[in-house]
Amino acid sequence: MKGLILCAGKGTRLYPFTVSYPKTLIPVANVPLLHGCIDKLIDQNITEIGIVIHPSQESSITESVQKIDEQNIRITYIYQRKPAGIANAILQAKNFIGEESFILLLGDNLISTSLQILKDQVDIEKNDAALLLAEVDHPQDYGIAEVTGSKIVRLEEKPQKPKSNLAVLGAYAFSSSIFKAAETIKPSARGEYEITDAIQWLIQEGYPVAYQKTEISSIDVGTVERWITANRKMLKEMLYESYIHPSVIVKNSTIFGPVSIEQNCVIEDAVIGPHVSIGENSTINGCSIQDSILLSHVHLEKIGHLLREMVVGSGSTWVGIEQKGEDEG
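As a starting point, this report considers the structure included with it.

Conventions we followed
Residues numbered from 1 in each chain as written. Predicted model: local features only at pLDDT ≥ 70, side-chain atom pairs only at ≥ 80, totals over all residues. Heavy atoms only, no water. 1 Å grid on protein atoms, 1.4 Å probe; cavity = no way out; pocket = protein on both sides within 12 Å on 5 of 7 lines; lining within 4 Å. Points joined across faces, edges and corners; volume = space filled by probe spheres on them. Helix = DSSP H or I, 4+ residues; strand = E, 2+ residues; numbered from the N terminus. Nonpolar A, V, L, I, M, F, W, Y, C, P; charged D, E, K, R; others polar. Axes fitted to C-alpha atoms, helices over the stretch in contact; angles between N-to-C directions. Parallel < 35°, antiparallel > 145°, perpendicular 65-115°, else oblique. Left-handed = near helix turned anticlockwise from the far one by under 90°. Contact = heavy atoms within 4.5 Å. Buried < 20%, exposed > 50% of the residue type's maximum accessible area, 1.4 Å probe, protein only. Pairing = 2+ DSSP bridges. Core = buried A, V, L, I, M, F, W, Y, C linked by side-chain atoms within 4.5 Å.

## Focus: the layout of surface pockets
The method is simple in principle: a probe with the dimensions of a water molecule rolls over the atoms, and the space it marks as empty is what remains.
Right, so step 1: The computed volume of the second largest pocket comes to approximately 830 Å³.
Right, so step 2: Along its surface, the second largest pocket is lined by 23 residues, and Leu25, Pro32, Ser64, Lys67 and Glu280 are the ones closest to its centre.
Right, so step 3: Among the secondary structure elements, those contributing two or more residues to the lining of the second largest pocket are strand S3 (31-32), helix H1 (33-43) and helix H2 (58-65).
Right, so step 4: Looking at the lining of the second largest pocket residue by residue, the classes come out as nine nonpolar, seven polar and seven charged.

In structure tokens form, the structure reads like this:
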């Protein structure tokens, strides 16, 4: 079985953070989303991995992937030159996948559950597709599945009147029959080739489509609020309460876990945590920070109010900022 990760999106809802690098490289608990996807595939002994990118992303993504300490994986980069939907992105990988089955991950989603059942449903049980589903509170915002027994019988993208609350998450397993489906469907109203339409075509043509229901949510890290939520979630799930690189210098400070602090940081006269991640080569002096993400090379000094639920961009310098009163705006 092969792996396929889709990374060609621009992440416009996360501007300006995604102006300088792809959305799939934004860190969650100091781990780029793409690295987490690759780890999920490696957990299933999948070593041939295709990454679908826009050509403009190639240098930053290849540089990041080269940092992964895993010798056995083989990465193939595949171009999607214009945003035309997930089913279109899959078609760009047809030559890479060939006749094999594969797991598909959306590179901007944080998936916590194991992919083993999805893999087995296609590889062993011989379904043509298997989808990860979870119950959601607002099904109108998702692709929604209707199920009967162990099979999906209907899919609908963002239905006005949903017939279930089972949302399709960002993890799938497919046989090569998905390529025929993707080649047959027409663009949706928004001009994209939707993966839900391709899977619905499989269902209508009699191909078996299974599912795995999970209570472990997937997070589409598509907004700053979701990014902070994902960061909090991953920090809580770390093996140890906190990760602080051995090179970090901590002086006269209090740290409440869980936190993640990368190499060459200096923390002085500060209160850090809980749920804070700090990127490498950052300096924090005279600050209190909670539930926040600081990217690399950040310098914060003598901030006169609590920093909470914020993302501070790479290379930012904030010095001597006081809390504004109500009459100051």
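Moving on from the coordinates now.
## Some remarks on the packing of H1 against H2
For any two helices packed against each other, the geometry comes down to the angle between their axes and how far apart the axes lie.
Right, so step 1: Running from amino to carboxyl end, H1 crosses H2 at an angle of 55 degrees, the nearest separation of the two axes being 10 Å. Judged by the angle between their axes, H1 and H2 are oblique. Every pair of crossing elements has a handedness; the one defined by H1 and H2 is right-handed. Of the residues in H2, those touching H1 at Leu34, His35 and Ile38 are Ile61, Ser64 and Val65.
Right, so step 2: Grouping the amino acids of the contact of H1 with H2 by side-chain chemistry returns four nonpolar, two polar and no charged.

## Quick word on the environment of isoleucine 272
Right, so step 1: In this fold, isoleucine 272 is placed in strand S19 (residues 271-272).
Right, so step 2: Residues isoleucine 272 and lysine 186, 86 residues apart in the sequence, show an inter-C-alpha distance of 51 Å.
Right, so step 3: Residues within four places of isoleucine 272 in sequence aside, it is in contact with Thr254, Ile255, Phe256, Val259, Ile267, Ile278, Ile284 and Ile289.

## Observations regarding the environment of valine 136
Right, so step 1: Mapped onto the secondary structure, valine 136 falls in the loop between strand S8 (129-135) and strand S9 (143-148).
Right, so step 2: A relative accessible area of 16% places valine 136 in the buried class.
Right, so step 3: Remark: the alpha-carbon pair of valine 136 and lysine 151, spanning 15 residues in sequence, is separated by 19 Å.
Right, so step 4: Residues within four places of valine 136 in sequence aside, it is in contact with Tyr142, Asn165 and Ala167.

## Some details on the pairing of strand S11 (residues 166-174)
Along any regular strand the residues' side chains alternate between the sheet's two faces.
Right, so step 1: Among the nine residues that make up S11, nine are buried, leaving the element largely enclosed by the rest of the structure.
Right, so step 2: Here strand S6 (residues 102-106) runs beside S11; their pairing, made up of four bridges, is antiparallel. Following the sheet pairing, phenylalanine 102 is matched in S11 by phenylalanine 174.
Right, so step 3: The sheet contact formed by S8 and S11 spans six bridges and is antiparallel. Within S11, the position partnered with leucine 133 by the bridge is valine 168.

## Digging into the environment of arginine 232
Right, so step 1: If you trace the backbone, arginine 232 turns up in helix H8 (residues 224-236).
Right, so step 2: Spatially, the C-alpha atoms of arginine 232 and lysine 161 are 33 Å apart, while their sequence positions differ by 71 residues.
Right, so step 3: Those residues in contact with arginine 232 that lie beyond four places of it in its chain are His275, Asp291 and Glu309.

## Some words on the nonpolar core
Right, so step 1: Leu34 and Ile38 are the most contacted members of the largest nonpolar core, which totals 40 residues.
Right, so step 2: Elements represented by at least two residues in this core include exactly H1, strand S4 (48-53), H2, S6, helix H5 (116-123), S8, S11 and H8.
Right, so step 3: Beyond its immediate chain neighbours, meaning those up to four positions away, leucine 34 contacts Ile5, Cys7, Thr24, Leu25, Ile51, Ile61, Val65 and Gly107.
Right, so step 4: Counting residues in each nonpolar core, the second largest holds 36 residues, with Phe102, Tyr172, Ala181 and Ile199 among its members.

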